[in-house]
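Given next are the chains, with one letter for each unit.
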Amino acid sequence: MITYPDNSFLCALYRNQDNSVQALEFSGELTEPLRVTRLLLWEFRQSARFQAFRNRKDPSSGYPMTEAEKMIAKVGEHLEGGKLKLAHCDFLSVLATAEGISRSRTFSGGHRSFDVLHVATALALDAREFLSFDSKQNALAAAEGLATPLRVI
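Every value quoted in this text rests on a predicted model; they were computed, and no experiment measured them.

### Looking at the packing of helix α1 (residues 7-14) against helix α2 (residues 20-29)
So, point 1. Look at α1 against α2: their axes get within 8 Å of each other, and the N-to-C directions meet at 95°. Considering the angle they form, α1 stands roughly perpendicular to α2. Here Phe9, Ala12 and Leu13 of α1 lie close against α2, whose contacting residues are Ser20, Ala23, Leu24, Phe26 and Ser27.
So, point 2. Grouping the amino acids of the contact of α1 with α2 by side-chain chemistry returns six nonpolar, two polar and no charged.

### Examining α2
Owing to its 3.6 residues per turn, the α-helix aligns residues three or four sequence positions apart on the same side.
So, point 1. Taken residue by residue, α2 has Ser20, Gln22, Ala23 and Phe26 as its buried positions. Seen along its axis, α2 keeps its buried residues to an arc of 160°; they face one direction. Away from the buried face of α2 by more than 90 degrees, exposed residues Val21, Glu25, Gly28 and Glu29 are located.

### Some details on the packing of helix α6 (residues 113-124) against helix α7 (residues 135-143)
Think of two packed helices as two axes; the pair is described by the angle between the axes and how far apart they sit.
So, point 1. Put simply, α6 and α7 touch, their axes get as near as 10 Å, and they point 40° apart. Crossing handedness for the pair α6 and α7: right-handed. Here α6 contributes Phe114, Asp115, Val116, His118 and Val119 to the contact with α7, which in turn contributes Gln137, Leu140 and Ala141.
So, point 2. Class assignment of the residues belonging to the contact of α6 with α7 gives a composition of five nonpolar, two polar and one charged.

### Here's the deal with the packing of aromatic side chains
Any pair of aromatic rings gets described here by the distance separating the centres and the angle formed by the planes.
So, point 1. Applying the stated rule across the entire model yields six aromatic pairs.
So, point 2. Judged by centre distance (6.2 Å) and plane angle (20°), the rings of Trp42 and Phe114 are stacked. You can see Trp42 sitting in helix α3 (residues 38-57) and its partner Phe114 sitting in helix α6, a full 72 residues away along the chain.
So, point 3. Ring centres 6.1 Å apart and planes at 25° place the aromatic pair Phe50 and Phe53 in the stacked group. Taken together, the positions of Phe50 and Phe53, both in helix α3 and three residues apart, correspond to about one turn of that helix.
So, point 4. Among the aromatic residues, those joined into a cluster by ring pairs are Phe9, Phe26 and Phe133.

### Remarks on the pattern of salt bridges
So, point 1. All told, the structure shown has six salt bridges when counted by the stated rule.
So, point 2. A salt bridge links Glu67 to Arg15, with the shortest nitrogen-to-oxygen separation between them at 2.7 Å. Here Glu67, found in helix α4 (residues 65-81), pairs with Arg15, found in the loop between α1 and α2; they are 52 residues apart in sequence, far enough to count as distant.
So, point 3. Take Glu67: its relative accessible area is 27%, and that puts it in the partly exposed class.
So, point 4. What makes Arg15 partly exposed here is its relative accessible area of 23%.
So, point 5. Between Glu32 and Arg35 there is a salt bridge, with its nearest N and O atoms 2.9 Å apart.
So, point 6. According to the relative accessible area criterion, Arg35 is buried, its value standing at 15%.

Scoring rules and cut-offs
- Residues numbered from 1 in each chain as written.
- Predicted model: local features only at pLDDT ≥ 70, side-chain atom pairs only at ≥ 80, totals over all residues.
- Heavy atoms only, no water.
- Axes fitted to C-alpha atoms, helices over the stretch in contact; angles between N-to-C directions.
- Helix = DSSP H or I, 4+ residues; strand = E, 2+ residues; numbered from the N terminus.
- Parallel < 35°, antiparallel > 145°, perpendicular 65-115°, else oblique.
- Contact = heavy atoms within 4.5 Å.
- Nonpolar A, V, L, I, M, F, W, Y, C, P; charged D, E, K, R; others polar.
- Buried < 20%, exposed > 50% of the residue type's maximum accessible area, 1.4 Å probe, protein only.
- Arc of directions from axis to C-beta.
- Left-handed = near helix turned anticlockwise from the far one by under 90°.
- Phe/Tyr/Trp six-rings, centres within 6.5 Å; stacked < 30°, edge-to-face > 60°.
- Salt bridge = Lys/Arg side-chain N within 4 Å of Asp/Glu carboxyl O.

Listed below in structure tokens is the structure:
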């Protein structure tokens, strides 16, 4: 069974936060590697870098560059070690699916671009489960037929 995460799940795995225990427990129960795409990896790395930028400008926000670098390095280690598996998909097809989801759900649900893209990607990969700590994104994923097993804190 393919399980596809969003950035909130990856951040919870690679940085200590309120939902990290749940993310670590869930990932520990998986019987196969967690699938990730280049788009998701880019969003994860970009968000870590952006938090480091925020922290450099205002030490009370974001987190230090050293923490961002550790997060990015750990993801690389997990890709090399097989805990994460790079999944390839046709992004033209993903964009077409995302357009359909957007057309049918964004006016009524107010969904963000990356949320729609990640749900469309999960569908393109034939995922059965979608992992997010974002209740609105989980509602979108569920509306598209994906199981959303995480408890949103």
